[in-house]
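Okay, here's what each chain looks like letter by letter:
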Amino acid sequence: MTNNLGLPVGTTLDRFIKRNQEDFPYASGELSQLLRDIALAGKILNKEINHAGLDNIIGDMGETNVQGENQQKLDVVADIRFTRALRNGGEVCAIVSEENEEIVHLNPNSKYLVAIDPLDGSSNIDVNVSIGTIFSIYRRKSPLGSAATVEDVLQSGRDQVAAGYLLYGSSTMLVYTTGNKVNGFTYEPSLGEFFLSHRNMCIPKDGEIFSINEGYYNDYEEEIKAYVLSCKERHYSARYIGSLVGDFHRNLLKGGIYLYPSTKKNPSGKLRLLYECNALAFIAEQAGGKATNGKQAILDILPETFHQRTPFLVGSPMMVDEVMENLKKVTSGK
Ligand code: AHM
Ligand code: MG
């Protein structure tokens, strides 16, 4: 029995990746293996997150437990899990991560590079609220056999060959794109498999949800304040988990906009271009949405530094367009 994509019902992630690989005649299978390695690390991390309260991995780095052992913060544990899976998998020449200052060099003979936020939503880790992993995959520019370079890392989001996220929520999901639609897979823990559950995800063109930290309202630019007020006038729903992956995923399914704009204190916002925004912008565009820093598409920004931050507005295209119109009017003095 097959579904309307011609795929067997109950398609596992492995089968889906394999089928997709066959659609690209020149693919050599390395990207497929790399996606499997990320999924594997996600399964391991999912197990640890589920046990976090019991396993003594909640808390600040530097604390010791009653046995005098160092407690590891879950986001550091996550970084270790993904790095180990990608090192063992052998398909990645280097990783850049929100958790490390510098490039972590892996297999110099591999052609792919990964940028990752291993566990996003720090403030929610210790309180049992949804958190996520965000990743981008790039093809290196430097020759095979050498160490990855800064230029390999500082590519624009348009150069991503794949991107995705894991959401550790009421169920665990993997959502990814290789630049040809967005598909979502739900984890079935007793079988240890991700199954295709959300085919060809498309964001509604318009929505009635706005996600922004209103605690910083007084620090936002006037046009952002005006937009927030107009959402309230229209009785839109305010939904803000404070976990980017969770907020993004909800808006992707239901239609909405997520905003982390510049503030007086942080003119570049908070979110990181390489580890958070590029991947979600790629997914948003593939799903029919938009992502901008208020001036240009996120994917067109040429990064200058690894840990660069950017204002981030992402979601349903009509909602993003509306904010952009307001911003343009102010810039042009109308
Ligand atoms: P993190 O990478 O330190 O976890 O920070 C990113 C998180 C996002 O998941 C979330 O949307 C945002 O920070 C929340 O920030 P704030 O508490 O300033 O609203
Ligand atoms: Mg983060």
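Everything below is about the structure printed above this text.
From a predicted model like this one, the values you see are computed outputs, not experimental measurements. (Residues numbered from 1 in each chain as written. Chains lettered and ligands numbered in written order. Predicted model: local features only at pLDDT ≥ 70, side-chain atom pairs only at ≥ 80, totals over all residues. Heavy atoms only, no water.)

J.: Help me get a handle on the overall build of the chain, residues and values and all.
T.: A count of helical and extended segments in the chain gives 9 helices and 13 strands. In the chain, buried positions account for 53% of the 334 residues. Across the chain, every contact between residues at least 6 apart in sequence was considered, and the portion connecting residues at least 24 apart equals 61%. Element-wise, carbon and sulfur atoms account for 49% of the exposed surface of the chain, whose accessible area totals about 15300 Å². (Helix = DSSP H or I, 4+ residues; strand = E, 2+ residues; numbered from the N terminus. Buried < 20%, exposed > 50% of the residue type's maximum accessible area, 1.4 Å probe, protein only. Contact = heavy atoms within 4.5 Å. Areas by Shrake-Rupley, 256 points an atom, 1.4 Å probe, with all protein chains shown as cover.)

J.: Got a sec to walk through the site of ligand 1? Specific residues and values, please.
T.: The full set close to ligand 1 counts 16 residues, and Asp 120, Tyr 240, Leu 244, Tyr 258 and Tyr 260 are the nearest of them. For ligand 1, an oxygen atom lies 2.8 Å from a polar atom in the side chain of Glu 98. The side chain of Tyr 258 places a nitrogen or oxygen atom 2.7 Å from an oxygen atom of ligand 1. Bound to the protein, ligand 1 loses 86% of the 470 Å² it would expose on its own. Elements that contribute at least two residues to the shell around ligand 1 include exactly β3 (112–120) and β11 (257–260). Here the residues of the shell around ligand 1 are counted per class, giving 6 nonpolar, 5 polar and 5 charged. Here the shell around ligand 1 gathers at least three residues from each of two domains, domain 1 (13–198) and domain 2 (209–332). (Near = heavy atom within 4 Å. Polar contact = N/O pair within 3.5 Å; in protein donor to acceptor, adjacent residues only side chain to side chain. Nonpolar A, V, L, I, M, F, W, Y, C, P; charged D, E, K, R; others polar. Domains from an automatic or database assignment.)

J.: So what's going on with the coordination of the magnesium ion (ligand 2)? Which residues, and what values?
T.: Protein coordination at the magnesium ion (ligand 2) comes from Asp 117 (OD), Asp 120 (OD) and Glu 276 (OE), with a distance range of 1.9 to 2.0 Å. The sequence pattern describing where the donors of the magnesium ion (ligand 2) fall on their chain is D-x2-D-x155-E. Of this pair, Asp 117 sits in strand β3 while Glu 276 sits in helix α8 (residues 273–286), placing them 159 residues apart in sequence. Exposure remark for Asp 117: the relative accessible area of 0% places this residue in the buried category. (Donors = N, O, S within 2.8 Å, 3.2 Å for Na, K, Ca; no water.)

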